[in-house]
Amino acid sequence: MSDSRAADVTAIQAVLADSYRAWDGGDATAMVADYTEDATVLMPGTYHPDREAIRAGMAAAFAGPLKGTSTSNERISLRFLGADAAIALIESGILFPGETEVPAERRVNASWVFEKRDGRWLVAAYQNCPVLTPGQ
């Protein structure tokens, strides 16, 4: 891996870590701080067409059903698409207060699409779907 790619990997990992910390703190504004203005989120039953919609949706969730939650995240892969784009695949899940492991039915595979703008890596799109066990 070239030095520039190592720096890019580190920068993308920092964006992910900041997002996870913001979730743990229930801070929707901090969570989307590294999203492009035109970022999109697509999850089962949910579509947010831009950063403000993502922030508003997360603020409502953190004030309601996701209050006090955290996430468990394990990187599956990270690959670059040219100089200014990357895709991270992460297995994730929501931990509710008192939980130490994510139940199988709440595990998701997530795709994070990153774009490098003005030298800064930003989230351009996020999508997740349930992890299926064999036979599903």
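In this report, we go over the structure that sits alongside the text.

Rules behind the numbers
Residues numbered from 1 in each chain as written. Predicted model: local features only at pLDDT ≥ 70, side-chain atom pairs only at ≥ 80, totals over all residues. Heavy atoms only, no water. Helix = DSSP H or I, 4+ residues; strand = E, 2+ residues; numbered from the N terminus. Rg over C-alpha atoms; globule rule 2.2 N^0.38 Å. Buried < 20%, exposed > 50% of the residue type's maximum accessible area, 1.4 Å probe, protein only. Areas by Shrake-Rupley, 256 points an atom, 1.4 Å probe, with all protein chains shown as cover. Lys, Arg positive; Asp, Glu negative; His and termini not counted. Charge placed at Lys NZ, Arg CZ, Asp CG, Glu CD. Salt bridge = Lys/Arg side-chain N within 4 Å of Asp/Glu carboxyl O. Pairing = 2+ DSSP bridges. Axes fitted to C-alpha atoms, helices over the stretch in contact; angles between N-to-C directions. Phe/Tyr/Trp six-rings, centres within 6.5 Å; stacked < 30°, edge-to-face > 60°. Lys NZ or Arg CZ within 6 Å of the ring centre and 35° of its normal.

### What to know about the overall build of the protein
Looking only at helices and strands, the protein features three helices and six strands. In sequence order, the secondary structure elements of the protein are arranged as α-α-β-β-α-β-β-β-β. The C-alpha radius of gyration of the protein comes to 15 Å, within 12% of the 14 Å expected for a compact globule of 136 residues. Across its three principal axes, the protein shows a C-alpha extent of roughly 40 × 35 × 25 Å. When each of the 136 residues of the protein is scored for burial, the buried share is 34%. Of the roughly 7,600 Å² that the protein leaves accessible, carbon and sulfur atoms contribute 55%. Looking at charge distribution, the protein has the averaged site of its 12 positive side-chain charges lying 0 Å from that of its 18 negative ones.

### Focus on the pattern of salt bridges
In total, this model carries ten salt bridges according to the counting rule given. Between glutamate 91 and arginine 107 there is a salt bridge, with the nearest N and O atoms lying 2.1 Å from each other. Of this pair, glutamate 91 sits in strand 4 (residues 85-95) while arginine 107 is found in strand 5 (residues 107-117), placing the two residues 16 residues apart along the sequence. We classify arginine 107 as partly exposed; its relative accessible area is 27%. Three or more residues joined by partner-sharing salt bridges are found here, namely Arg5, Asp8 and Lys116.

### Section: the sheet that holds strand 6 (residues 120-130)
With mixed pairing, six strands are arranged side by side in an open sheet as 2-1-6-5-4-3. Because the sheet does not close on itself, it has two edges, and the strands there are strand 2 (46-48) and strand 3 (70-80). Ignoring strand direction, the axes of neighbouring strands in this sheet form an average angle of 20°.

### Structural notes on the packing of aromatic side chains
Two numbers describe a pair of aromatic rings. These are the distance of the centres and the angle of the planes. Tallied over the full model, the rule gives five aromatic pairs. Plain terms: the ring middles of tyrosine 20 and tryptophan 112 are 6.3 Å apart, the flat faces sit at 80° to each other, and that makes the pair edge-to-face. Of this pair, tyrosine 20 sits in helix 1 (residues 3-24) while tryptophan 112 sits in strand 5, and the two are 92 residues apart along the sequence. Here tryptophan 112 falls in the buried class, since its relative accessible area comes to 5%. Their ring planes at 10° and their centres at 6.3 Å tell us that tryptophan 112 and phenylalanine 114 sit as a pair that is stacked. Each member of the pair, tryptophan 112 as well as phenylalanine 114, is classed as buried. The ring of phenylalanine 80 is capped by arginine 5, whose NZ or CZ atom sits 3.9 Å from the centre of that ring.

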